[in-house]
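Next come the chains, spelled out residue by residue.
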Amino acid sequence: MELAVLVAVSLLIGALVLLVVVALGKHREEQKEESDQNTETVEEKINGQSERLLPSKKQKPQQRPRKEKPQQHTFSHPLLAASLKAHSGNITCLDFSSNGKYLASCADDRTVRIWSTKDFLEREHRCLRANVELDHATLVSFSPDSRAFITWLANGETIRVFKMNKKDDGSVTFSAAPEDFPQRHKAAVISIGIAETGKFIMTASSDTTILIWDLKGEVLASINTNQMTNAYATVSPCGRFVASCGFTPDVKVWEVCFGKGGDFKEVARAFDLKGHSAGVCCFSFSNDSRRMATVSKDGTWKLWDTDVEYKQQQDPYLLLTGRCQVSEPCRIALSPDARVVAISCGSSLALYSAASGELEEEFQGVHSEEISALHFDINNRFVVTSGDRVIRAFHNTPGYRAAIREMEAMLRKASNEGMRQRLQLQIREAQSALDSVGAVRE
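Calculation notes
- Residues numbered from 1 in each chain as written.
- Predicted model: local features only at pLDDT ≥ 70, side-chain atom pairs only at ≥ 80, totals over all residues.
- Heavy atoms only, no water.
- Core = buried A, V, L, I, M, F, W, Y, C linked by side-chain atoms within 4.5 Å.
- Buried < 20%, exposed > 50% of the residue type's maximum accessible area, 1.4 Å probe, protein only.
- Contact = heavy atoms within 4.5 Å.
- Helix = DSSP H or I, 4+ residues; strand = E, 2+ residues; numbered from the N terminus.
- Pairing = 2+ DSSP bridges.
- Axes fitted to C-alpha atoms, helices over the stretch in contact; angles between N-to-C directions.

## Focus: the nonpolar core
Counting residues in each nonpolar core, the largest one holds 27 residues, and the members touching the most others are Val-112, Ile-114, Val-140, Phe-149, Ile-150, Ile-159 and Ile-201. If sequence neighbours within four positions are ignored, Val-112 has contacts with Ser-105, Cys-106, Leu-128, Arg-129, Ala-130, Val-132, Ala-137, Val-140, Phe-149 and Thr-151. Core analysis: the second largest hydrophobic core is formed by 18 residues, Cys-282, Ala-293, Val-341 and Tyr-352 among them.

## Let's talk about unusual backbone geometry
Cis geometry is adopted by the peptide bond preceding Pro-329, which originates at Glu-328 and carries an omega value of 0°. With phi around 65°, Ser-146 is a residue other than glycine that occupies positive phi space. Looking at the element boundaries, Ser-146 is found in the loop between β6 (137-142) and β7 (148-153).

## Details of the sheet that holds strand β17 (residues 264-274)
Spatially, four strands are ordered β14-β15-β16-β17 in an open sheet, and the strand pairing comes out antiparallel. The open sheet has two free edges, formed respectively by β14 (230-235) and β17, since each of these has just one partner strand. Each strand axis lies, on average, 20° off the axis of its neighbour in the sheet, ignoring direction. Pairing of strand β16 (residues 250-258) with β17 involves nine bridges; the strand directions are antiparallel. Considered in β17, the bridge of Cys-257 is made with Glu-266.

## Let's talk about the environment of Asp-315
Relative to the helices and strands, Asp-315 is located in the loop between β20 (300-305) and β21 (317-323). Along the chain, Asp-315 and Lys-274 lie 41 residues apart, while their C-alpha atoms are 9.5 Å from each other.

In structure tokens:
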């Protein structure tokens, strides 16, 4: 009996142990299945389903794609004297001061930069910056005393005057006038200028309007050019004349007249330059306003003698006609001494002799974009261009060669020994300057 009870108890204990083992096995299988399911849910699913990453691996934050900087346009040439770099936007206009010490540039980066011309041949090119608040300047022009400049505002569509203030420590600051000029033009303004006499300011728009202002912002006169559209306008270096060109094949010149007391009188028609067979793209004065150069869509440029008695109905004289490649926009600049003609078309530049009309220098791809400004410095040493964010200054070697030829002709005719010695010295100096830029020609 006792043996039977012992056997029954042993079987019961065995059954209980078996049940525990079976239960533990099922529990482990459930844990494994759950683990497998969790593993599947954290795997990456492609094929258009949402991605899930394993919790053990931290997801790296996505990096923003870097903006590729535009490649800087490179240009080199033996006659390149300087590349002036400071603007972060495209340069729209240049202007030399009348004393020859400064070059002003404006760009769509809301700044005007003032460069020292004596630094053109240095390794570093310093400049001063004037900020154009809440706008940017498209045009700039120095005052006659080189102590101020005016700008045309792109958004404000008016003139803003800046004064250059020199401190006791020699530093220079810029201050804008309290008020801008009133808005008067109905079309985009393409040209501005200040008379060398300091008596008036000129603005010209792309329709047919030229306005003459006093220095306080009052309109003195309005001119209708009757050229269908204006392409370019400027004030003559002597400060007496305003001229414009446009759709028609001529250049029109007016005299801005003042009385003996300095009071404004009238704007009177002076003379026209007639001879082109298509619209005139641009024109330029020599420094004494006695010569003018024009370039036209007819594929020619012309040099004119404008030192005439126009009040006696005397017309300007055509001195020379040269041929050139013309593609818009096309610009022309006559050197201050009227010895060289510079013409830009697109991003290329060509220099011609004003005596013979021959092409003397040519530069292709000067800028990455179309040339926006073209000028000679007042001393005839450089011709400068802008077209992107860089200003390029070139040695005016045709000017040196022309000066040498003229002095050699004078030397052959000179009878006075003192005159001969002075001419010989000047010829040696000019030849030395020409040799220094490696541009000697037979």
